[in-house]
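Descriptive structure summary
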Amino acid sequence: MGKKGLRIGAFFAIVIALGVLIAQTATDVARDTNLGLDLQGGFEVLYELQPDDGELTQEDIQSTATALNQRVNVLGVSEPAISVEGEDRIRVQLPGVEDQQTARETLGTEAELSFRDIDDNLLMTGESLQQGGSQATFNENNEPIVSLTISDGELFGEITTELAQKSYPENLLVIWLDYEEGMSFEEEAQKEDPAFMSAATVQQTLTTDASITGNFTLEETEFLADILNAGSLPVSLEEVYSNAVGASLGEQALQQTLFAGMIGVALIFLYMIGYYRFMGIIAAITLSVYIYLVMIFFNAIQGVLTLPGIAALILGVGMAVDANILTYERIKEELKDGKSVKSAYIAGSRRALGTIIDANITTIIAAAVMFYFGTSAVQGFAVMLIVSILTSFITAVWGARLLLGLWVNSRALNRKYWLFGVKGRDVRGL
Amino acid sequence: MFVDFNMANKNIDLIKHRKKYFGLSIIIVLIGAILLSTVGLNLGIDFESGTRVDVASSETLTEEEVADHFIQAGGYEPDDITLAGDNNEQASARFIGAMPQEDVTAIQSYFIDEFGEEPSVSTVSPQIGRELAQNAIIATLIAAFGIVIYVAFRFEFLYGVAAVVALLYDAFFVLTMFSIFQLEVNIPFIAAILTVVGYSINDTIVTFDRIRENMKKQDEIKGFDHLAKVVNDSLLQTLTRSINTVLTVLFAAVAIWLLGSSAIMSFAFAIVIGLIAGTYSSLFLAAQLWLVMKHRSLERQKNKPVEAEEY
């Protein structure tokens, strides 16, 4: 066989090994990819924190984030993302959440319970509730209620003793959720659907046990108990941005864009092979490996694939192709200059490298700026672009050189100009 | 069949008409400036406070039907309705101004009952929209600045200036096209503009790299024509690469534009026109601009000693 056969054999061994590897693991790689909201449906909301006393401490932000996290756990979302943005914002992303309306309500409510008399004077706040002491249950009439455990029994005892001495309606204990300045029991009591949670007469001194009764369904009491257990938010939240994507719309977007991407990549392959012949085949092989590697790296850094991310991946193919084109054009030029296949390959690769590095570093600068200043969707794009460019150095520069080098060094390509897409009569001195 | 865009040995003068290219570019910038200050951009809700509701049905929809549905959902009147999908089975309705949470919930439950699929709803407050737009502009300027520094460091200051003029032109061109067609400008659009910026600089650098290489081969630049020949030769030598690269990337971008999800259509379209503008600007704007600036700086250097004698 000799050296010639050995090198060509090595080429086919590498290509077959890569092919088997990709075929075996491609589905796993695809399954491991985290999909963004826009591709699998879900709910995203950006809150602005508005402290009641005007000053927002780092502690406020942290405890709000923690409280939101507990509420997300209540919702049972598998991969939530809660991140603090800027100085006073928190972004919550719930990919794949099915009931978006409940999610919104669960997150947004301040869950600040307050106990008031009928003149709306504050008697006790939710801070006196025992953590995790709320439970959805039923009263003697089998109506759903929420039972509460009060940690400060002394205070509650005083309040109830005082109320019990009064007569109806002054002995009513009104429980509000998220009471706002200006709300009044007198007005709300006239309404069909009052804003307070419950108003019960107090006939005896109570210490640690209280309950919220009213016209509730079981779901409502369960929701309320969960919210109270998750803890109230230390500050008010204002929704400044929200984005909800229906699951089927997301899936449709994913399928359409993937299909479009495949068509685009197929066209690139055909064009490269048509124009650069043998080198085009090498380009198609390295590009396939490139797409596979980008997905592996992207998963490894736990990137989230968004629609712009898919676009970045496919456009990254363009960047990788450019690296191939730059090298091949140089090789063709050298061949036309009358150099041998081997020295054309060496000189062409070397000369193209400087250009490739300069061109890609400038693009990385742009992508890095995008990552730093962008929001989630743009960041997903920037991360994918950076990963793509770095990977293209491995495949389009190093990988293509390795594969082409095996053939060039085997001397099997010597003087076969048509394999490079070069016309014999264009070659100087031939 | 041999496809070959090899222009290196053909007698094409890309430099001769440079004043026409400059004129054309200036006219386009002027048209853009007028359009952007009068008609403006069709800002999506990402940049303007508002609410967008995307619904999908199993049947073909018309704008009237969708408007009716919103009225039935609780008397909502969208400010704008656009249809999408192969058979117009998707619709997106825009409301100016942020929508209270209760209304969003009401609309969601209505469409779940009617169409059996959960609609997508996004709302943005005016402040966030302004910040996003601001950040995007700052990002582009910082990226441009970073690129000038890198290019000035690796090449020469004048290359950096010419490259940035070209990339700003490209970004402006895309904005102008979006103003003409009144396409929606949203967050992915920013990513598209930044990609265009990245590609434009990529393309320009490849050309400049060749000019730099050919400049090194010259012992002395004898006048404008000599310099122009170096630039012209460099452009022709890199022309095949420029055409092939832009074609391959266009394959991908056009495929996403025509076949991809409607959510990403304007994004892909921005990239398609940006790519074309980027190729034009690196061939006809950046290199030519560098030629004129380089010639002036060479003249100045030549004249310096003369001036010194006069004084």
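Residues numbered from 1 in each chain as written. Chains lettered and ligands numbered in written order. Predicted model: local features only at pLDDT ≥ 70, side-chain atom pairs only at ≥ 80, totals over all residues. Heavy atoms only, no water.

Here we come to the overall build of chain A. Scanning chain A from N- to C-terminus turns up 12 helices and 13 strands. Relative to a compact globule of 430 residues, whose C-alpha radius of gyration would be 22 Å, chain A shows 33 Å and is clearly more extended. Principal-axis analysis of the C-alpha atoms places the extent of chain A at approximately 115 × 40 × 35 Å. Counting all 430 residues of chain A, 51% fall into the buried class. Put simply, 75% of the contacts in chain A that link residues at least 6 apart link residues at least 24 apart. Averaging the positions of the 26 positive and the 53 negative side-chain charges in chain A gives two centres separated by 43 Å. (Helix = DSSP H or I, 4+ residues; strand = E, 2+ residues; numbered from the N terminus. Rg over C-alpha atoms; globule rule 2.2 N^0.38 Å. Buried < 20%, exposed > 50% of the residue type's maximum accessible area, 1.4 Å probe, protein only. Contact = heavy atoms within 4.5 Å. Lys, Arg positive; Asp, Glu negative; His and termini not counted. Charge placed at Lys NZ, Arg CZ, Asp CG, Glu CD.)

Attention shifts here to helix 5 (residues 153-164) of chain A. Along an α-helix, residues three or four positions apart point the same way, because every turn accommodates 3.6 residues. A rise of 1.5 Å per residue sets the reference length of helix 5 of chain A, with its 12 residues, at 16 Å; its end C-alpha atoms lie 16 Å apart and thus fit the reference within 8%. The elements touched by buried residues of helix 5 of chain A are strand 6 (122-125), strand 9 (172-177) and strand 11 (209-212) of chain A. (Expected span 1.5 Å × (residues − 1).)

Residues and elements named next belong to chain A. Segmentation of chain A into domains returns domain 1 (3-37 + 246-426) and domain 2 (40-242). Using C-alpha coordinates to define each centre, domain 1 is positioned 55 Å away from domain 2. The interface is formed by nine residues belonging to domain 1 together with 11 residues belonging to domain 2. Seen at the junction of domain 1 and domain 2, the total is zero salt bridges. Linking domain 1 with domain 2 are zero residue pairs in polar contact (both at pLDDT 80 or more), by the criterion used here. Only strand 1 (34-35) and helix 8 (247-276) provide two or more residues apiece to the side of domain 1 that touches domain 2. Residues belonging to the side of domain 1 that touches domain 2 are distributed by class as follows: three nonpolar, six polar and no charged. (Domains from an automatic or database assignment. Salt bridge = Lys/Arg side-chain N within 4 Å of Asp/Glu carboxyl O. Polar contact = N/O pair within 3.5 Å; in protein donor to acceptor, adjacent residues only side chain to side chain. Nonpolar A, V, L, I, M, F, W, Y, C, P; charged D, E, K, R; others polar.)

This part covers the UniProt feature "transmembrane region" (unreviewed entry) in chain A. Residue and element names in this part refer to chain A. Here, the residues flagged by UniProt with the feature "transmembrane region" (unreviewed entry) are residues 257-274, 281-301, 307-331, 352-374 and 380-408. Between the end C-alpha atoms of residues 257-274 there is a gap of 26 Å, over a span that is 100% helix and 0% strand. Secondary structure over residues 307-331 splits into 100% helix and 0% strand, and the C-alpha atoms at its two ends are 37 Å apart. (UniProt positions renumbered as here; feature names shortened; annotations may be inferred.)

Taken together, the contact between chain A and chain B spans 70 residues of the former and 76 residues of the latter. Taking both partners together, chain A and chain B bury about 6300 Å²; carbon and sulfur atoms supply 61% of that area. Along the contact surface separating chain A from chain B lie six salt bridges. In this structure, the connection of chain A to chain B is made through nine residue pairs in polar contact (both at pLDDT 80 or more). Every element with two or more residues in the side of chain A that touches chain B is listed here: strand 2 (42-50), helix 4 (100-108), strand 12 (236-245), helix 8, helix 10 (307-336), helix 11 (341-373) and helix 12 (376-409) of chain A. (Buried area = accessible area lost by both parts, 1.4 Å probe.)

What follows concerns the nonpolar core. Counting residues in each nonpolar core, the largest one holds 145 residues, and the members touching the most others are Tyr328(A), Leu404(A), Phe420(A), Phe208(B) and Trp290(B). It is helix 8 (residues 265-310) of chain B that contributes the most residues to this core, 18 residues altogether. Setting aside residues no more than four positions away along its own chain, Phe208(B) makes contact with Phe155(B), Tyr159(B), Ala162(B), Ala163(B), Ala286(B), Ala287(B) and Trp290(B). Counting residues in each nonpolar core, the second largest holds 37 residues, with Val97(A), Val235(A), Phe95(B) and Ile107(B) among its members. (Core = buried A, V, L, I, M, F, W, Y, C linked by side-chain atoms within 4.5 Å.)

The subject of this paragraph is a negative patch on the surface. Residues and elements named next belong to chain B. Side chains of Glu59, Glu63, Glu64, Glu65, Asp68, Glu77, Asp79 and Asp80 sit close together on the surface and give a patch of like negative charge. Of the residues forming the negative patch, the biggest block, four residues, is contributed by helix 2 (residues 63-72). Along the polypeptide, aspartate 80 turns up in strand 3 (residues 80-84). Take aspartate 80: its relative accessible area is 33%, and that puts it in the partly exposed class. (Patch = residues over 30% accessible without salt bridge, like charges linked within 9 Å, V, L, I, M, F, W, Y side chains within 5 Å. Areas by Shrake-Rupley, 256 points an atom, 1.4 Å probe, with all protein chains shown as cover.)

Residues and elements named next belong to chain A. Its location among the elements puts valine 92 in strand 4 (residues 89-95). Sequence separation between valine 92 and phenylalanine 43 is 49 residues; the distance between their C-alpha atoms is 8.2 Å. Beyond its immediate chain neighbours, meaning those up to four positions away, valine 92 contacts Phe43, Glu44, Val45, Tyr47, Leu68, Val72, Ala81, Ile82 and Leu107.

This brings us to the sheet that holds strand 11 of chain A. Whether parallel or antiparallel, the strands of a sheet pair through hydrogen bonds between backbone atoms. All names here are of chain A. With antiparallel pairing, three strands are arranged side by side in an open sheet as 7-8-11. Of all the strands in the sheet, the pair left with one neighbour each is strand 7 (135-138) and strand 11. Adjacent strand axes in the sheet meet at a mean angle of 40° when their direction is disregarded. As paired elements, strand 7 and strand 8 (residues 144-149) share four bridges and run antiparallel to each other. Within strand 8, the residue paired with threonine 137 across the bridge is isoleucine 145. (Pairing = 2+ DSSP bridges. Axes fitted to C-alpha atoms, helices over the stretch in contact; angles between N-to-C directions.)

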